[in-house]
Amino acid sequence: MSDNYPQQTQSIPIIYVSDKNTKQDAGDGTTVINIEAESENAAPAPATAPAQPDIMANFDDTLQRARLAFASGKTRNVSFRRKQLENLLRCYEEHENEIISALEADLRRPKQESLIVETEFMKNDIKHILYHLNDWVKPEKPDKSFVNMLDDVHIYNDPFGVVLVIGAWNYPLQLLLVPVAAAIAAGNCVVLKPSEIAGNCAKFIAETIPKYLDNDCYPVVCGGPSETADLLNQRFDYIFYTGSTRVGKIVHAAANKNLTPTTLELGGKSPCYIDKSVELRTAVKRILWGKLINCGQTCIAPDYILCSKEMEQKFIAEAREVLKEWYGDNIQSSPDLSRVINQNNFQRLLGLMKSGRVAVGGKYDASERFIEPTILVDVKPDDPIMEEEIFGPILPIYTVENAYDAIKFINAREKPLVLYVFSNSSKLIKEFKNNTTSGGFCSNETIMHVGVDTLPFGGVGMSGMGSYHGKYGFDTFTHKKSCLGKNLAMLGEKMASARYPPYSDRKSSLLSFLLRKRRPLPNLYLSHIFAAGLGIGLTFLMNYYLQVRKGKLLSR
Ligand code: NAD
């Protein structure tokens, strides 16, 4: 691929994905690539197999178009960005039912969950951006030191250029389109790469989103690992990836070749500590809801529980009642539980269920990729279920003596995406917050922190790098250009002329005095005071001059 920006536009050949690893001519000047259906990550065709979405074969051309569009400057125009975001919002509103159907087809996701965690979430995200964008784009005015008192010092919000956003399958729309909206808001062109594993949602994105967004600025590219690998061979100005830590490392290595800045939204194991002070029924409901929405396929689902042996027994008793209240006696027939995305993940989860002992649930049905909400006890720290991210409706409980053992256990492992603590003691909650590291922290609640759009969302260490949501998303896709503006007037030049050779001790001490770091004064608006002082001084001089003239006239 070429590092250079293109000089001309070209039409984009389209390639179509089929189900074998071969290439052939489509008969219209385009190429057909057939991709093996059962690759490591590929989903077996769902019952309602979608026609595979088109993919753009010639990534060079797609990128050239986007680069030309960025170079034309149209995405720098804030009205243009607003229009695109309004169109995207309209797309969500006009296609809500299709989105819900696509999620149902991919994950058998209940409508209520799709509304809360995808469509409403995405709509609110865009509204939040539209309400604040005019403020966010303004140059920031940082504090100035004495030496820059007369200068223009500001931070200009510069878009990066052409950015790549790669989504994951578990929240296939939200995880792609929320960062895309932030990148649009920041003035970038964006290549959208939905996850191929949620095929119906990928098809919706490939077919519908381009009807609402500028096609040169915001192309959709579909495909699996091999297409994504090809895409990553291109040079982007920023890469935003959501998915597993394993693939995150591949993305980071690819980005590194061009020193491309990257945000990685990854996974891992998010622990949940419960102490005996809690109101247990409420805690159990919040924990089980966090675990079971989207059938546990949520990056911030509480992965495992840490509690005392006594709490374990109580938790299990409450959990049995709550599950019965929510799903009835025959959980499989409940419409309110999603399914595991594909057979690969289903089989992986059955393997994890072999750890410890089943205390609740344990039933499954491969034909529907159904796994009953399952609680495991007597697990050991080196069991696969305690080492690998679970990403399914299985909740192991690992018993500890006390909170300090729990903190030790957490700190001996990779840094989690989020740490949950359930306790009535604010002192204990603080102990966890102060003595552990995690992407986020949430007490007496699960999942809901993700909806606070004034909080940054992201991981740390193996759970990710960088963050987004609301203003943090805008900042992620913005290069903060530091700008110093001076004029060429004599006064400033005179004051700064001591920096020029020939050097001398006198000049050095004058420069040291001017440059010396001074404790910042409270916000005294020094430049305003200086200007006001100058005005008063000039008025005084003018009056004095007039008085003198008047006196001279009178004395004549
Ligand atoms: P996935 O398989 O859909 O992969 C994510 C993206 O990576 C897809 O677009 C896919 O095409 C691409 N990809 C897959 N293999 C690749 C390869 N070898 N080279 C290049 N690209 C490749 O999703 P997943 O990784 O199974 O997603 C689940 C993981 O994502 C879990 O670990 C979960 O915790 C994490 N996740 C994190 C967040 C977050 O916000 N931190 C959100 C959702 C999911």
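- As recorded by an unreviewed UniProt entry, the protein carries the name Aldehyde dehydrogenase and is attributed to Drosophila virilis.
- Note on the protein: under the UniProt heading Sequence similarities (unreviewed entry), the record states "Belongs to the aldehyde dehydrogenase family."

**Concerning the site of the ligand**
Alright, step 1. Around the ligand sit 28 residues, and of these Ser195, Glu196, Ser244, Leu266 and Glu389 come closest.
Alright, step 2. Within the contact set of the ligand, an oxygen atom lies 2.9 Å away from a backbone nitrogen or oxygen of Gly167.
Alright, step 3. Contact distances for the ligand include 3.1 Å between an oxygen atom and a backbone N or O atom of Gly243.
Alright, step 4. Surface burial for the ligand is 93%, taken as the share of its 840 Å² of free accessible area covered by protein chains.
Alright, step 5. Elements with a minimum of two residues in the shell around the ligand: α7 (225-232), β8 (238-242) and α8 (245-257).

**What to know about the pairing of strand β15 (residues 374-377)**
Alright, step 1. Burial along β15 is two-sided: Thr374 and Leu376 facing one way and Ile375 and Val377 facing the other are all buried.
Alright, step 2. Looking at chain direction, strand β12 (residues 357-360) and β15 are connected through three bridges and run antiparallel. Note that in β15 the partner of Val360 across the bridge is Ile375.
Alright, step 3. As judged from the three bridges shared by β15 and strand β16 (residues 394-399), these two strands associate in the parallel manner.

**Description of the side chain of Asn200**
Alright, step 1. Structurally, the position occupied by Asn200 is in helix α6 (residues 199-208).
Alright, step 2. Residue Asn200 is classed as buried on the basis of its relative accessible area, which comes to 14%.

**With respect to the packing of helix α2 (residues 78-94) against helix α4 (residues 111-136)**
Angle between the axes and distance between the axes: these two values describe a pair of packed helices.
Alright, step 1. Between α2 and α4, whose axes approach to 10 Å, the crossing angle comes to 160°. Taken as axis vectors, α2 and α4 run roughly antiparallel relative to one another. The two elements α2 and α4 meet at a crossing, and its hand is left-handed. For the pair α2 and α4, the contacting residues are Val78, Arg81, Arg82, Leu85, Glu86, Leu88, Leu89, Tyr92 and Glu93 in the first and Met122, Lys123, Ile126, Lys127, Ile129, Leu130, Leu133 and Asn134 in the second.
Alright, step 2. A breakdown of the residues in the contact of α2 with α4 according to their chemical character gives ten nonpolar, one polar and six charged.

**A few points about the pattern of salt bridges**
Alright, step 1. Applying the stated criterion across every chain, the model contains 31 salt bridges.
Alright, step 2. Between Arg76 and Asp158 there is a salt bridge, and its shortest N-O distance comes to 2.9 Å. With a gap of 82 residues between them, Arg76 in the loop between α1 (59-72) and α2 and Asp158 in strand β5 (residues 152-159) connect regions that are remote in the sequence.
Alright, step 3. A relative accessible area of 36% means that Arg76 is categorised as partly exposed.
Alright, step 4. Arg281 is the salt-bridge partner of Glu318, the closest N and O atoms lying 2.5 Å from each other. Separated by 37 residues along the polypeptide, Glu318 in helix α10 (residues 309-327) and Arg281 in helix α9 (residues 280-292) bring together distant segments of the chain.

**Details of unusual backbone geometry**
For residues besides glycine, phi is generally negative; the peptide bonds are generally trans as well.
Alright, step 1. Here Pro501 and Pro502 are connected by a cis peptide whose omega angle stands at -5°.
Alright, step 2. Locating Pro502 in the fold gives a position in the loop between α16 (490-496) and α17 (505-515).
Alright, step 3. Residue Cys295 is not a glycine yet carries a positive backbone phi of 60°.
Alright, step 4. A relative accessible area of 0% means that Cys295 is categorised as buried.

**So, the sheet that holds strand β6 (residues 162-166)**
Alright, step 1. Read from one edge of the open sheet, five strands run β7-β6-β8-β9-β19, paired in mixed fashion. Strands with a single pairing partner mark the edges of an open sheet, and in this sheet they are β7 (189-193) and β19 (464-465).
Alright, step 2. Both β6 and β7 contribute to a ladder of five bridges, which runs parallel. From the neighbouring strand, Ile166 faces β7, where its bridge partner is Lys193.
Alright, step 3. Contacting β6, β7 and β8, α7 runs over the sheet at an angle of about 160° to β6.

Scoring rules and cut-offs
Residues numbered from 1 in each chain as written. Predicted model: local features only at pLDDT ≥ 70, side-chain atom pairs only at ≥ 80, totals over all residues. Heavy atoms only, no water. UniProt positions renumbered as here; feature names shortened; annotations may be inferred. Near = heavy atom within 4 Å. Polar contact = N/O pair within 3.5 Å; in protein donor to acceptor, adjacent residues only side chain to side chain. Areas by Shrake-Rupley, 256 points an atom, 1.4 Å probe, with all protein chains shown as cover. Helix = DSSP H or I, 4+ residues; strand = E, 2+ residues; numbered from the N terminus. Buried < 20%, exposed > 50% of the residue type's maximum accessible area, 1.4 Å probe, protein only. Pairing = 2+ DSSP bridges. Axes fitted to C-alpha atoms, helices over the stretch in contact; angles between N-to-C directions. Parallel < 35°, antiparallel > 145°, perpendicular 65-115°, else oblique. Left-handed = near helix turned anticlockwise from the far one by under 90°. Contact = heavy atoms within 4.5 Å. Nonpolar A, V, L, I, M, F, W, Y, C, P; charged D, E, K, R; others polar. Salt bridge = Lys/Arg side-chain N within 4 Å of Asp/Glu carboxyl O.

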